[in-house]
Amino acid sequence: MSSTRSATQMLREMEEQPDAVRRTLEALLPLRSEVAGLFAGRRRVLFVARGSSDNAAIYGRYLLETHAGVVGGLAAPSVATHYRSELDLTDTLVVSVSQSGATEEIVATQDWARSCGGATVAVANVADSPLVRAADLALVTAAGPELAVPATKSYLAQLVAMAVVATALAPAPTALDGELGLVAGEVERLLEQRSGVEEAARQLATTAYTVVSGRGLMMGTALETALKLEETCLRPVRGYSYADLRHGPISVVTAGMTAVLVAAPDGPMLAPMTELAGDLAARGATTIGIGGDAGFAGACSLAVAGPDLPEAVAPMGAIVASQLVVEALARELGLDPDNPRGLAKVTTTDPAS
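Presented here is an overview of the structure given in this document. Just so it is clear, the structure is predicted and the values come from calculations on it, not from any experiment.

### Thoughts on the nonpolar core
In terms of nonpolar packing, the biggest core is built from 81 residues, with Val45, Tyr59, Leu93, Val95, Leu139 and Met316 touching the most fellow members. Contact partners of Val95, with chain neighbours within four places excluded, come to Val45, Leu46, Phe47, Val48, Val121, Val123, Met162 and Val165.

### Digging into the pattern of salt bridges
On inspection of all chains with the given rule, the structure shows 17 salt bridges. Taking the shortest distance from any N to any O, the salt bridge between Glu16 and Lys153 comes out at 2.5 Å. Here Glu16, found in the loop between helix H1 (9–14) and helix H2 (17–28), pairs with Lys153, found in helix H8 (residues 153–168); they are 137 residues apart in sequence, far enough to count as distant. For Glu16, a relative accessible area of 33% puts it in the partly exposed group. The salt bridge involving Lys228 is made with Glu224; its shortest N-O contact spans 2.4 Å. Within this pair, Lys228 and its partner Glu224 are both found in helix H12 (residues 219–233), separated by 4 residues, close to a single helical turn. Through salt bridges with shared partners, a single network forms among Arg194, Glu198, Glu327 and Arg331.

### Let's talk about the sheet that holds strand S5 (residues 137–140)
With parallel pairing, 5 strands are arranged side by side in an open sheet as S2-S1-S3-S4-S5. Each edge of the sheet is formed by a strand with only one pairing partner; in this case those strands are strand S2 (71–74) and S5. The sheet shows a mean angle of 20° between the axes of neighbouring strands, direction not considered. Pairing between strand S1 (residues 44–48) and S2: 4 bridges, direction parallel. Looking at the pairing, Phe47 lines up with Leu74 of S2. Each of S1, strand S3 (92–97), strand S4 (119–124) and S5 is contacted by H8, which is oriented at about 170° to S3, the strand it contacts most.

### Here's the deal with the sheet that holds strand S6 (residues 209–214)
An order of S7-S6-S8-S9-S10 is seen for the 5 strands of this open sheet, with the pairing classed as parallel. Of all strands in the sheet, those bounded by a partner on one side alone are strand S7 (237–241) and strand S10 (302–304). Averaged over neighbouring strand pairs, the angle between their axes works out to 20° when direction is ignored. Set on the sheet, helix H11 (residues 197–206) makes contact with S6, strand S8 (257–263), strand S9 (286–291) and S10; between it and S10 the angle comes to about 130°. In the packing of H12 onto the sheet, contacts are made with S6, S7 and S8, and the angle to S7 comes to roughly 175°.

### Focus: the state of the cysteines
According to the stated counting rule, one finds 0 disulfides in the structure shown. In this structure Cys233 is not part of a disulfide, and its nearest cysteine sulfur, from Cys300, lies 20 Å away. Of the residues examined, Cys233 reaches a relative accessible area of 2% and is grouped as buried. Look at Cys300 and you get buried, because its relative accessible area is 8%.

### Some words on the side chain of Glu186
Residue placement: Glu186 occurs in helix H10 (residues 183–193). Separated by 2.7 Å, the side chains of Glu186 and Arg189 make a polar contact. Each residue touching Glu186, except ones within four places of it in the same chain, is listed here: Pro307, Asp308 and Leu309.

What counts, and at which threshold
- Residues numbered from 1 in each chain as written.
- Predicted model: local features only at pLDDT ≥ 70, side-chain atom pairs only at ≥ 80, totals over all residues.
- Heavy atoms only, no water.
- Core = buried A, V, L, I, M, F, W, Y, C linked by side-chain atoms within 4.5 Å.
- Buried < 20%, exposed > 50% of the residue type's maximum accessible area, 1.4 Å probe, protein only.
- Contact = heavy atoms within 4.5 Å.
- Salt bridge = Lys/Arg side-chain N within 4 Å of Asp/Glu carboxyl O.
- Helix = DSSP H or I, 4+ residues; strand = E, 2+ residues; numbered from the N terminus.
- Pairing = 2+ DSSP bridges.
- Axes fitted to C-alpha atoms, helices over the stretch in contact; angles between N-to-C directions.
- Disulfide = S-S within 2.5 Å.
- Polar contact = N/O pair within 3.5 Å; in protein donor to acceptor, adjacent residues only side chain to side chain.

Listed below in structure tokens is the structure:
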């Protein structure tokens, strides 16, 4: 895809996402039987990740539990690297997620999981990486080299990998294949049309404080949107589950605040998210809706078009709409989205003691 707007590396890499989706599906779908084989005799899946990869894992967990009927959870890496706890993971498939495959904490936690009896799957965008080499099975995404610091095409490829894991463990592994086949085309459409993107960026540039909210299968998308707004645009942003926002923080919502709400075009969370948009507007907030249906868009002050995809795979398109808003906001603010202040491509945390 070519674009006269491709002034930033971030946007150029975003425009590579349709092909990244196609390549990743082609590479990983044939490995579903191997994922299922590793899981045989086990009961649960534990995801190990940080940052954007953690948000991808949240999608993986929800899809596992809602589509495959398998219990999923998110690991706390410090349990392995600092507390050095010895857990019984013999009933667990451990999926470690890292774009570079070189984040030391994630590599160390994967090694710990294996020593505790877990079977290990690595999801990474670099084939020759420590995480991949040490895993029982590698799901290497095919996003291609990513130079901009904000993860875009590598994150979307991780969502594809999460869908591969979840469908591999489902009673009918191919049940979502038709929907998965629609993702690349919807991403192309969103990148081309950019409906509502510039208006949303202009609004976010004028607000002092932003909250982002979603729930269920869109929860990871909400958190990833908040993270990208913070790290790329240097804005104070909080990401909330719809339920958590309702349980207290909504009391501080006032005029002058902008709420970004992400929703799928169908599913059980659409009506509550539409109701939330109306409630926030009544409290004086400006609401930016990403995705949803016509009713959701109408309940929001501004609407950014999302994908025409069912809820199970909608996060793969919705995040692209969010990325477009983030990149446009960075340019609106005169920032360089390719190299956000204080960030590096490979994440490090404090070393294990």
